[in-house]
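Below are the chains, spelled out letter by letter.
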Amino acid sequence: MNHRWNFDAVWANPEALLAGAAGTLRIFAICLVLGLSLGLLVGLGRYSKRKRIYLPASAFVEFFRNTPVLVQILWFYFALPMLLPFEISPLMAAALGISLNSAAFSGEIFRGGIQSLERGQWEGAQALGMTQGQTMRRVILPQAIKRMLPALTNRAIEIFKMSTLASAVAYVELLQQGKLIASIHYNPIEAYTVIALLFFVFLYPLVQATYVLERRLRQGD
Amino acid sequence: MYQWDFAPVLANSGMLAAGLVNTLKLTATALAFGVPLGLGLALLRLSRFRLLSLPAGFVVEFFRTTPPLVQLFWFFFALPILISVEMTPFVAAAITFSIQSSAFFAEVFRAGIVSIDRGQSEAARALGMSGAQAMRRVVLPQAVKRMIPAFMERSIELMKTTTLVATVSYADLLFQANELAQKTFRPLEVFTVTALIYFVVIYAASLVVHRVERRLATSGETTVH
Amino acid sequence: MTLDRRAALNGIAASTLALALPITARAQAGGTLDQIKQRGSLRIGVTQAPPWFSKDPKTGEWSSGFGISMGKAMASELGVKLETVEVTWGTSIAALQANKIDIMFMLDATPERAQAVDFPQTPLLYYSLAVLARDDLPVVQWSDLNKPSVRIAVPQASSMDKFVTENTPNATIQRFPGNAEAIAAFQAGRADAVCLFHPPLLVARKTLGTGKIVVPKPAKFQASSAALRKDDKPFRDFVDNTFATHYKSGQTQKWYEEFLTSFGLDPKASPPVMKEML
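Being a predicted model, the structure only gives us computed values, none of them experimental.

Student: Any chance you could explain the overall build of chain A here in plain terms?
Tutor: When its secondary structure is counted, chain A shows nine helices and zero strands. When the helices and strands of chain A are read in sequence order from the N terminus, they spell out α-α-α-α-α-α-α-α-α. A globule of 221 residues ought to have a C-alpha radius of gyration of about 17 Å, yet chain A, at 21 Å, is considerably larger. Along the longest, intermediate and shortest principal axes, the C-alpha atoms of chain A span 75 × 50 × 25 Å. Taking all 221 residues of chain A together, 57% fall into the buried category. Here the contacts in chain A between residues at least 6 apart in sequence split such that 73% fall between residues at least 24 apart. For chain A, the distance from the average site of its 20 positive side-chain charges to the average site of its 12 negative ones is 11 Å.

Student: Just checking my understanding: could you explain the pattern of salt bridges for this structure?
Tutor: Should their charged atoms come close, side chains of opposite charge can pair. Per the counting criterion, the structure on display carries 20 salt bridges over all chains. The salt bridge partner of Asp102(C) is Arg43(C), with a shortest N-O separation of 3.0 Å. One end of the pair, Asp102(C), is in the loop between α4 (92-97) and β3 (103-105); the other, Arg43(C), is in strand β1 (residues 41-46), and 59 residues separate them in sequence. Take Asp102(C): its relative accessible area is 0%, and that puts it in the buried class. Close ionic contact of Asp136(C) with Arg134(C) constitutes a salt bridge, the shortest N to O distance being 2.8 Å. One salt-bridge network, in which partners are shared between bridges, spans Glu87(A), Arg39(C), Arg43(C), Asp102(C) and Arg229(C).

Student: Hey, could you run me through the side chain of Arg46(A) in this one?
Tutor: All names here are of chain A. If you trace the backbone, Arg46 turns up in helix α2 (residues 14-47). For Arg46, a relative accessible area of 9% translates into the label buried. If we ignore the near neighbours within four places in the chain, the residues touching Arg46 are Tyr54, Ala57, Ser58, Val61, Glu62, Glu108 and Arg111.

Student: I tried to follow the interface of chain B and chain A on my own but got confused; where do I start?
Tutor: In many reports, interface size means the accessible area that the parts give up when they come together. With 37 residues of chain B in contact, the opposing surface of chain A contributes 39 residues. Both faces combined, the contact of chain B with chain A buries some 3500 Å², and carbon together with sulfur accounts for 78% of it. Across the chain B-chain A interface, the total number found is zero salt bridges. For the side of chain B that touches chain A, the secondary-structure elements that each account for two or more residues are α3 (50-65), α4 (68-83), α7 (131-161), α8 (173-184) and α9 (187-218) of chain B. The greatest single-element share of the side of chain B that touches chain A, amounting to eleven residues, is contributed by α9(B). Split into classes, the residues belonging to the side of chain B that touches chain A amount to 25 nonpolar, eight polar and four charged.

Student: Hey, could you run me through the packing of aromatic side chains in this one?
Tutor: What describes a pair of aromatic rings is the distance from one ring centre to the other and the angle between the planes of the rings. Residue and element names in this part refer to chain B. Per the stated rule, a full pass over the model turns up 37 aromatic pairs over all chains. Ring centres of Phe73 and Phe77 lie 5.8 Å apart, and the angle between their planes is 40°; this geometry places the pair in the tilted category. You can see Phe73 and its partner Phe77 sitting in helix α4, four residues apart, about one turn around the helix. By relative accessible area, which is 1% here, Phe73 ends up buried.

Student: Explanation requested: the packing of helix α2 (residues 32-39) of chain C against helix α9 (residues 233-248) of chain C in the structure shown.
Tutor: Residues and elements named next belong to chain C. Between α2 and α9, whose axes approach to 7 Å, the crossing angle comes to 80°. The orientation of α2 with respect to α9, classified from their angle, is roughly perpendicular. Between α2 and α9, the contacting residues are Thr32, Leu33 and Ile36 on the first element and Pro234, Phe235 and Phe238 on the second. Looking at the contact of α2 with α9 residue by residue, the classes come out as five nonpolar, one polar and no charged.

Definitions and cut-offs
Residues numbered from 1 in each chain as written. Chains lettered and ligands numbered in written order. Predicted model: local features only at pLDDT ≥ 70, side-chain atom pairs only at ≥ 80, totals over all residues. Heavy atoms only, no water. Helix = DSSP H or I, 4+ residues; strand = E, 2+ residues; numbered from the N terminus. Rg over C-alpha atoms; globule rule 2.2 N^0.38 Å. Buried < 20%, exposed > 50% of the residue type's maximum accessible area, 1.4 Å probe, protein only. Contact = heavy atoms within 4.5 Å. Lys, Arg positive; Asp, Glu negative; His and termini not counted. Charge placed at Lys NZ, Arg CZ, Asp CG, Glu CD. Salt bridge = Lys/Arg side-chain N within 4 Å of Asp/Glu carboxyl O. Buried area = accessible area lost by both parts, 1.4 Å probe. Nonpolar A, V, L, I, M, F, W, Y, C, P; charged D, E, K, R; others polar. Phe/Tyr/Trp six-rings, centres within 6.5 Å; stacked < 30°, edge-to-face > 60°. Axes fitted to C-alpha atoms, helices over the stretch in contact; angles between N-to-C directions. Parallel < 35°, antiparallel > 145°, perpendicular 65-115°, else oblique.

In structure tokens, the structure reads:
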């Protein structure tokens, strides 16, 4: 192998890597907020008894869980602009694809969490004179959240990893910067190894923290 | 008002069909290697010897924590320089997804094995079986039955993950869609049809998974907790 | 539920969300020149492909390259800023049609593309199609590459892609999103040759340090151009004039040499981009 090793070129560009990290965090934050809040609506919709709400919510979940995120991102970036009169930036397209996908998955998590609580809770609360809305807000949801937290934190980590898909539409995040460095200095081994390690070093502690969280929650039952 | 025109897409449906075949080929290959590799990693992780369990644990954690697209770029552009081996795009993609999926399968295996009552393996040992025999004849068969739904879900995830190869030069369905969109200048029709093809195939697969889950549930092995 | 309703729901959900995010309304009225003046910027498509376009990793700006120089000159002539939008060769036409960019430099005029976009009459510059091949690969003619054992990397939907697909169909052709990935494939040994025009190959060869650049016979020497939206005569005339002026004054060649020098290449040792200088 006659490769000229060049790790320096990777570290000589801290601005590039920082810009990438900032982009990754930005799209992660956007997709986390959008995905979970839309997911909560979808989850509640799936739990509804009214067909007019239940059916669209179900269609949404089935469609966005069963299509690959990359296909959705490319559709939003290349296809949607043909139909709408305004620009879709790379960030918008990637954020739409990742958020809608996450909303579909987290919607199911929310639905499962609410459904898993025993009927006794409902009846007990109503015996105390609470309305359905109050019961949902003060009794069901807080307990459901405690049960759903592990799955939701897993979702959050998935969203973080999916941020790399935004590089397919040239959004500036960490992998995109890795590709840039590799293409200018012709050092793909060094560039992609560093990017992989950066992701690992950042995510691994978070993953471990979620394991600890899971164990603590289970103990509390 | 946008003028829809699906004719160029239909005229080139052969291209998309070829892409779909390649997607399925890649998914099947990655599964064929990923499952046994995952079992191996799981067993290593459960081993009493730290020399075996720690590296296996590292491999599993690394490939579950790093984004698949980063792994793909590394295997595609970096690995061939390191080991000076010629790899076709298919081989590079197959290696990436075999290892990537094996890390997830390893966790499924491990959770399944651990979930089988300790009493089972102790009883097997009391009957005179060795540790390995107990694993093979008593623990694994029961564990596998419990893990089937998780496996199937993982496989569907894998099929979705293989779309990443469109960003390198393997001609899967999404790659072909890009080609077609760039050839016909009709991205809306092309990507809409492609999304629908993926949806139909993956939705059908997930229906099969639900069927299997229900059968297992009724047979006493529930996976719904 | 039928597929139509699903697709419709998909569309509704998508548009609702899109509307919730900050929007930039596309300028609808007037030709490209009016839109440019209204917006205050000229948007050019860019892709990592030195010597045409190159991004500076430190600043994140597309700061160097022949295309950038030409773009800056055009923008200042129009009295507006220069805006860069990242695309790939293959998606640049869609970007023009979707009004994401106003012009894409370095796109060669082909009959297929001419159905979707317009090209000015005046060429932008001239170059030869070449390959950067493994040192031990025998290449003198294009037919030497026309074997299944030869793996050629090209950017998807570029004119290199078109040429290689038509003229060396028996080769194993690998198509990548852009110049950078195609060169990376060659570097990784997964392709025996990467086919680009000679200027990008000069740049690649300099940094890679291995491989030989060959202009296979019969030499494919041709003009490059720029893609514009269809049926926009005022803008097309403007671009025509600009290209003609800079070419005749030698500025085109100068911008190209500037980039080579900044990259550490000797302009005297590299083929020129003006037909007359050969």
